[in-house]
Amino acid sequence: DQQVKQNSPSLSVQEGRISILNCDYTNSMFDYFLWYKKYPAEGPTFLISISSIKDKNEDGRFTVFLNKSAKHLSLHIVPSQPGDSAVYFCAAIGSTLGRLYFGRGTQLTVWP
Amino acid sequence: SQTIHQWPATLVQPVGSPLSLECTVEGTSNPNLYWYRQAAGRGLQLLFYSVGIGQISSEVPQNLSASRPQDRQFILSSKKLLLSDSGFYLCAWSVGIVGGNGYTFGSGTRLTVV
């Protein structure tokens, strides 16, 4: 049962434009939502997170938006750069759930 | 500072051979440890996690096993590899109640079973 879903396996964006990666979840017990970035043959690295009590968190070019009523979050990257090309994983965790749940990932390609 | 080491980086093994992947964490005590697998074209699948020495929880029944002989050491094993065991194996750690910082991952092992 996939509790965290990323329905778009890939996204292609031109350099300088906005990249929007989407994620849906089913479990209302999640306390935090996280985004990880992964390059080929490397481990995922933490990018940004948001608490379930907030609706927006910003860190430089990266902003995560949370819509609890829709059980939906999104990662915005502005402006997109070629170095942002990677697989982005959405993840969620709840203090009573004990572990991180991951989506299947979205391959972002930023072209010049 | 905390670091996580995972080796080997790549491994090619024949079907039916044994497997041992090792992960160690430095700079922290009593970490929670995790083994994940990313199969080709798929997401991150949690295989095992451990909250202490000798304590292993399995998420998915399979051909693999895990052990934690020391506080900061986590080993993934198999007695006989299958072709379907090929994938990218990741070790990760966390401390205490995991919140907005999530887990920290190692650099991974690319396993190809031939």
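Everything that follows concerns the structure shown earlier in this document.
Conventions adopted
- Residues numbered from 1 in each chain as written.
- Chains lettered and ligands numbered in written order.
- Predicted model: local features only at pLDDT ≥ 70, side-chain atom pairs only at ≥ 80, totals over all residues.
- Heavy atoms only, no water.
- Contact = heavy atoms within 4.5 Å.
- Buried area = accessible area lost by both parts, 1.4 Å probe.
- Salt bridge = Lys/Arg side-chain N within 4 Å of Asp/Glu carboxyl O.
- Polar contact = N/O pair within 3.5 Å; in protein donor to acceptor, adjacent residues only side chain to side chain.
- Helix = DSSP H or I, 4+ residues; strand = E, 2+ residues; numbered from the N terminus.
- Pairing = 2+ DSSP bridges.
- Axes fitted to C-alpha atoms, helices over the stretch in contact; angles between N-to-C directions.
- Disulfide = S-S within 2.5 Å.
- Buried < 20%, exposed > 50% of the residue type's maximum accessible area, 1.4 Å probe, protein only.
- Phe/Tyr/Trp six-rings, centres within 6.5 Å; stacked < 30°, edge-to-face > 60°.
- Lys NZ or Arg CZ within 6 Å of the ring centre and 35° of its normal.

*Asks:* Go over the interface of chain A and chain B with me, naming the residues and quoting the values.
*Replies:* Taken together, the contacts link 19 residues of chain A with 19 residues of chain B. Of the roughly 1500 Å² buried where chain A meets chain B, counting both sides, 61% is carbon and sulfur surface. Together, R99, F102 and R104 of chain A form the three largest contributors to the area buried by chain A at its contact with chain B, with a combined 30%. For the salt bridge of R99 of chain A with E59 of chain B, the shortest nitrogen-to-oxygen distance reads 3.4 Å. Connecting chain A to chain B are five residue pairs in polar contact (both at pLDDT 80 or more). Those elements that place two or more of their residues in the side of chain A that touches chain B are β4 (32–38), β5 (45–51) and β9 (86–93) of chain A.

*Asks:* Can you break down the environment of T28 of chain B residue by residue, with the values?
*Replies:* Residue and element names in this part refer to chain B. Relative to the assigned elements, T28 resides in the loop between β3 (19–26) and β4 (32–38). C-alpha separation for the pair T28 and V95, spaced 67 residues apart in sequence, amounts to 8.1 Å. In contact with T28, other than residues within four places in its own chain, are Q2, R72, W93 and V95.

*Asks:* Can you break down the sheet that holds β3 of chain B residue by residue, with the values?
*Replies:* All names here are of chain B. Spatially, β1-β3-β8-β7 is the arrangement adopted by the four strands of the open sheet, whose pairing is antiparallel. Each of the sheet's edge strands pairs with one partner strand only, and the pair in question is β1 (3–7) and β7 (65–70). Sheet twist, expressed as the average angle between the axes of neighbouring strands with direction ignored, equals 20°. Summarising the sheet, β1 and β3 pair through five bridges and their orientation is antiparallel. Bridge pairing in β3 links T3 to E26.

*Asks:* Which residues make up the state of the cysteines, and what are the values?
*Replies:* Residue and element names in this part refer to chain A. The full count for this structure, using the stated rule, is two disulfides over all chains. C23 shares a disulfide with C90; S-S distance 2.0 Å. Where C23 bonds to C90 through sulfur, the torsion about that S-S bond is close to -75°, and the disulfide is left-handed. Of the two residues, C23 sits in strand β3 (residues 19–25) while C90 sits in strand β9, which places them 67 residues apart along the sequence. Taking relative accessible area as the criterion, C23 reaches 0% and is therefore assigned buried.

*Asks:* If you had to explain the sheet that holds strand β8 (residues 72–77) of chain A to someone new, which residues and values would you point to?
*Replies:* Backbone-to-backbone hydrogen bonds join strands into a sheet, with any given pair of strands oriented parallel or antiparallel. Residues and elements named next belong to chain A. In space, the five strands of this open sheet follow the order β1-β3-β8-β7-β6, with antiparallel pairing throughout. The open sheet has two free edges, formed respectively by β1 (4–5) and β6 (56–59), since each of these has just one partner strand. Bridge count for β1 against β3 is two bridges, and the pairing is antiparallel. The partner of K5 across the bridge, within β3, is D24.

*Asks:* With reference to specific residues and values, describe the pairing of strand β8 (residues 73–78) of chain B.
*Replies:* Residue and element names in this part refer to chain B. With respect to burial, β8 is a largely interior element, six of its six residues being buried. Where burial is concerned, the two faces of β8 agree: the one with Q73, I75 and S77 and the one with F74, L76 and S78 are both buried. Here β3 runs beside β8; their pairing, made up of six bridges, is antiparallel. When the sheet's bridge partners are listed, T24 is paired in β8 with Q73. Bridge count for β7 against β8 is four bridges, and the pairing is antiparallel. Residue Q70 lies in a different strand from β8, and its bridge partner there is Q73. In textbook terms, the turn of a hairpin is the stretch between consecutive antiparallel strands, and for β7 and β8 this stretch comprises two residues.

*Asks:* Go over the packing of aromatic side chains, please, and point to the residues and values.
*Replies:* This model, assessed by the stated rule, comprises 15 aromatic pairs over all chains. Ring geometry for Y36 of chain A against F105 of chain B: centres 5.6 Å apart, planes inclined by 85°, an arrangement best described as edge-to-face. Separated into two different chains, Y36 of chain A in strand β4 and F105 of chain B in strand β10 (residues 104–105) make up a pair that spans both. Each member of the pair, Y36 of chain A together with F105 of chain B, is buried. Within the aromatic cluster, the residues linked to one another by ring pairs are Y36, F46, F89 and F102 of chain A together with Y34, Y36, Y49, Y103 and F105 of chain B. It is R99 of chain A that lies over the ring of Y101 of chain A; its NZ or CZ is 4.0 Å from the centre.

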